[in-house]
Amino acid sequence: MKKKGRDQAKLEHIDKKVREAFGVNEERLAKEYDWFAKQLKALKAPAAPEGEFEKLLNRVEEGTAGKKHKPKG
């Protein structure tokens, strides 16, 4: 158990040094996360062209037509 505690302390020490080296802290990370979250919300996914789903469904049905489906198991 002692080794596990030392390993955790070593990881925390390394984490602290990396944060210091790059000037990163929890507050800054939280602000950046919030900014990116707002940017993602502002993005809108483009709408699919009219009838696209039906075209895709037809292609799938045509590809499986005549083939016997064998359940796995």
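Residues numbered from 1 in each chain as written. Predicted model: local features only at pLDDT ≥ 70, side-chain atom pairs only at ≥ 80, totals over all residues. Heavy atoms only, no water.

A.B. asks: I keep staring at the overall build of the protein chain and nothing clicks. Help me out?
C.D. replies: Each helix and strand in the protein chain was counted, giving three helices and zero strands. Going from N to C terminus, the protein chain has its helices and strands arranged as α-α-α. Counting over 73 residues, the protein chain shows a buried share of 0%. Approximately 7900 Å² of the protein chain is accessible, and the part contributed by carbon and sulfur atoms is 60%. (Helix = DSSP H or I, 4+ residues; strand = E, 2+ residues; numbered from the N terminus. Buried < 20%, exposed > 50% of the residue type's maximum accessible area, 1.4 Å probe, protein only. Areas by Shrake-Rupley, 256 points an atom, 1.4 Å probe, with all protein chains shown as cover.)

A.B. asks: Would you mind showing me how to read the pattern of salt bridges here?
C.D. replies: Side chains bearing opposite charge may pair, as long as their charged atoms lie close to each other. Scanning the entire structure with this criterion turns up five salt bridges. When the shortest N-O distance is used, the salt bridge between Glu-26 and Arg-19 registers 2.3 Å. Judged by its relative accessible area of 26%, Arg-19 is partly exposed. With a shortest N-O distance of 3.0 Å, Glu-32 and Arg-28 are connected by a salt bridge. Here Glu-32 and its partner Arg-28 are both found in helix α2 (residues 26-42), four residues apart, which amounts to about one turn of the helix. What makes Glu-32 partly exposed here is its relative accessible area of 34%. For Arg-28, a relative accessible area of 38% corresponds to the partly exposed category. Connected through shared salt-bridge partners, Asp-15, Arg-19 and Glu-26 make up one network. (Salt bridge = Lys/Arg side-chain N within 4 Å of Asp/Glu carboxyl O.)

A.B. asks: How do you make sense of α2 when you look at a structure like this?
C.D. replies: Residues that lie three or four places apart on an α-helix share one face, since the helix turns once every 3.6 residues. Given a rise of 1.5 Å per residue, 17 residues ought to cover 24 Å, and the 24 Å separating the end C-alpha atoms of α2 matches this to within 8%. Of the residues flanking the start of α2, the one acting as N-cap is Asn-25, its side-chain oxygen 3.1 Å from the backbone nitrogen of Glu-27. (Expected span 1.5 Å × (residues − 1). Polar contact = N/O pair within 3.5 Å; in protein donor to acceptor, adjacent residues only side chain to side chain.)

A.B. asks: Please clarify how the packing of aromatic side chains should be interpreted in this entry.
C.D. replies: Given two aromatic rings, one states the distance between the centres and the angle between the planes to describe the pair. The full count for this structure, using the stated rule, is one aromatic pair. Seen in terms of ring centroids, Trp-35 and Phe-36 are 4.8 Å apart; in terms of plane orientation they differ by 80°. Their pairing is edge-to-face. (Phe/Tyr/Trp six-rings, centres within 6.5 Å; stacked < 30°, edge-to-face > 60°.)

A.B. asks: Sorry, what's going on with the environment of Arg-19 here?
C.D. replies: With respect to the element layout, Arg-19 can be found in helix α1 (residues 2-22). If we ignore the near neighbours within four places in the chain, the residues touching Arg-19 are Val-24 and Glu-26. (Contact = heavy atoms within 4.5 Å.)

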